[in-house]
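Here are the chains, one letter per residue:
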Amino acid sequence: PLYSSKYYDIAGVKYLVSMDPIPASDRIELIHSDRQFYLYRYLGAWPYYYLADRIETIKTYADMYYAKRGVAYIWGNESTIPLVKENRHAKKIHLENFQYGRLQFKYESKEPEFLVVSDAWHPYWQAKINGIETNVVKANGVFKGISLPSGKGVVELIFDNSPYKPGIWISLCGWTLFLG
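Let me begin by describing the structure that accompanies this report.

Conventions adopted
Residues numbered from 1 in each chain as written. Predicted model: local features only at pLDDT ≥ 70, side-chain atom pairs only at ≥ 80, totals over all residues. Heavy atoms only, no water. Phe/Tyr/Trp six-rings, centres within 6.5 Å; stacked < 30°, edge-to-face > 60°. Lys NZ or Arg CZ within 6 Å of the ring centre and 35° of its normal. Helix = DSSP H or I, 4+ residues; strand = E, 2+ residues; numbered from the N terminus. Buried < 20%, exposed > 50% of the residue type's maximum accessible area, 1.4 Å probe, protein only. Polar contact = N/O pair within 3.5 Å; in protein donor to acceptor, adjacent residues only side chain to side chain. 1 Å grid on protein atoms, 1.4 Å probe; cavity = no way out; pocket = protein on both sides within 12 Å on 5 of 7 lines; lining within 4 Å. Points joined across faces, edges and corners; volume = space filled by probe spheres on them. Nonpolar A, V, L, I, M, F, W, Y, C, P; charged D, E, K, R; others polar. Salt bridge = Lys/Arg side-chain N within 4 Å of Asp/Glu carboxyl O. Pairing = 2+ DSSP bridges. Axes fitted to C-alpha atoms, helices over the stretch in contact; angles between N-to-C directions. Patch = residues over 30% accessible without salt bridge, like charges linked within 9 Å, V, L, I, M, F, W, Y side chains within 5 Å. Areas by Shrake-Rupley, 256 points an atom, 1.4 Å probe, with all protein chains shown as cover. Core = buried A, V, L, I, M, F, W, Y, C linked by side-chain atoms within 4.5 Å. Contact = heavy atoms within 4.5 Å.

1. Things to note about the packing of aromatic side chains
In total, this model carries nine aromatic pairs according to the counting rule given. Here Tyr-65 and Tyr-66 contribute two aromatic rings whose centre-to-centre distance is 5.2 Å and whose plane-to-plane angle is 90°, an arrangement assigned as edge-to-face. Here a set of aromatic residues connected by ring pairs shows up, and it is made of Tyr-48, Tyr-49, Phe-98 and Phe-105. The side chain of Lys-144 reaches across the aromatic face of Trp-125, ending 4.1 Å from its centre.

Below, the structure is given as structure tokens:
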């Protein structure tokens, strides 16, 4: 059934809303019910962000069906990412700031890491590690992934909306003329 899809796990879906009750399962927990809707907590969700234990390559989206928690999956043609076979040492990451179009993390690790953020990848996302620009690649098929150097650092993800600004100004001028 749809409510037990493995894709919900990968996408970090935390809650499900239904107009009808969903049959009991070890993957969902009812947390609210009334006449209008039922709210369930989804127990299989991966975290919104994580430092990967291992990096593997995929060739198709279907390869993600057998995804394992803690592993980052990158497209086979992405040559800028060193493949990590096993990475289970002490590491820390913390989301410091979450705003529209801007994320900031602090991390600490003795080894290089790969950060996965379960948020849609787009070519206008830019990343900086300790103020130095770095690449944002597709991870887990559609999310953001960033290679991090060892040590302590701050990672900033910023969405560059400047390519949209001319269109916004044209729309504002058009609406002003229309309403005028």
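2. Let's talk about the side chain of Arg-54
Assignment of secondary structure puts Arg-54 in strand S5 (residues 54-58). Residue Arg-54 is classed as buried on the basis of its relative accessible area of 17%. In terms of polar contacts, Arg-54 uses its side chain to reach the side chain of Glu-56, at 2.8 Å.

3. Let's talk about the layout of surface pockets
By volume, the largest pocket is sized at about 250 Å³. Contributions of two or more residues to the lining of the largest pocket are made by strand S7 (91-99) and strand S8 (102-109). Residue composition of the lining of the largest pocket, by class: seven nonpolar, three polar and two charged.

4. Some details on the pattern of salt bridges
Between side chains of opposite charge, a pair can form when the charged atoms approach closely. According to the stated counting rule, one finds six salt bridges in the structure shown. One salt bridge in this structure joins Arg-41 and Glu-29, with 3.2 Å as the shortest N-O distance. Placement of the pair is Arg-41 in strand S3 (residues 38-42) and Glu-29 in strand S2 (residues 28-33), with a sequence separation of 12 residues. Among the residues examined, Arg-41 registers a relative accessible area of 33% and is labelled partly exposed. The network of salt bridges with shared partners includes Asp-53, Lys-91 and Glu-113.

5. Looking at the sheet that holds strand S10 (residues 125-129)
Spatially, the five strands line up as an open sheet ordered S7-S8-S14-S10-S11, and their pairing is antiparallel. Both edges of this open sheet fall to S7 and strand S11 (132-134), since each of them pairs with a single strand only. Averaged over all neighbouring strand pairs, the angle between strand axes comes to 25°, with direction disregarded. Note that S10 and S11 share three bridges and pair antiparallel. Residue pairing across strands places Lys-128 opposite Glu-133, the latter belonging to S11.

6. Thoughts on the sheet that holds strand S1 (residues 15-18)
Strands pair in a sheet through their backbones, by hydrogen bonds, and they do so in one of two ways: parallel or antiparallel. The three strands are arranged S1-S3-S2 in an open sheet whose pairing can be described as antiparallel. Among the strands making up the open sheet, the edge pair consists of S1 and S2. Along the sheet, successive strands turn relative to each other by an average axial angle of 25°, direction set aside. Note that S1 and S3 share four bridges and pair antiparallel. What sits directly across from Val-17, in S3, is Leu-39.

7. Looking at a nonpolar patch on the surface
On the surface, Tyr-164, Ile-168, Trp-169 and Leu-172 cluster together to form a nonpolar patch covering roughly 450 Å² of accessible area. Note on placement: Ile-168 falls in helix H2 (residues 165-179).

8. Here we look at the nonpolar core
By size, the foremost hydrophobic cluster in this structure holds 18 residues, and its most contacted members are Ile-10, Met-64, Ala-67, Ala-72, Tyr-73, Phe-114 and Val-116. Put simply, the parts of the chain that give this core at least two residues each are S5, strand S6 (71-75), strand S9 (113-120) and strand S12 (137-139). Counting 14 residues, the second largest nonpolar core, distinct from the first, contains Leu-51, Trp-125, Ile-146 and Leu-157.

9. Topic: the environment of Tyr-48
With respect to the secondary-structure elements, Tyr-48 resides in the loop between S3 and strand S4 (49-51). Along the primary structure Tyr-48 and Val-142 are separated by 94 residues, whereas in three dimensions their C-alpha atoms are 13 Å apart. Apart from residues no more than four positions distant in its own chain, Tyr-48 is found in contact with Lys-14, Phe-98, Leu-103, Val-116, Val-117, Ser-118 and Asp-119.

By themselves these figures say nothing about function.
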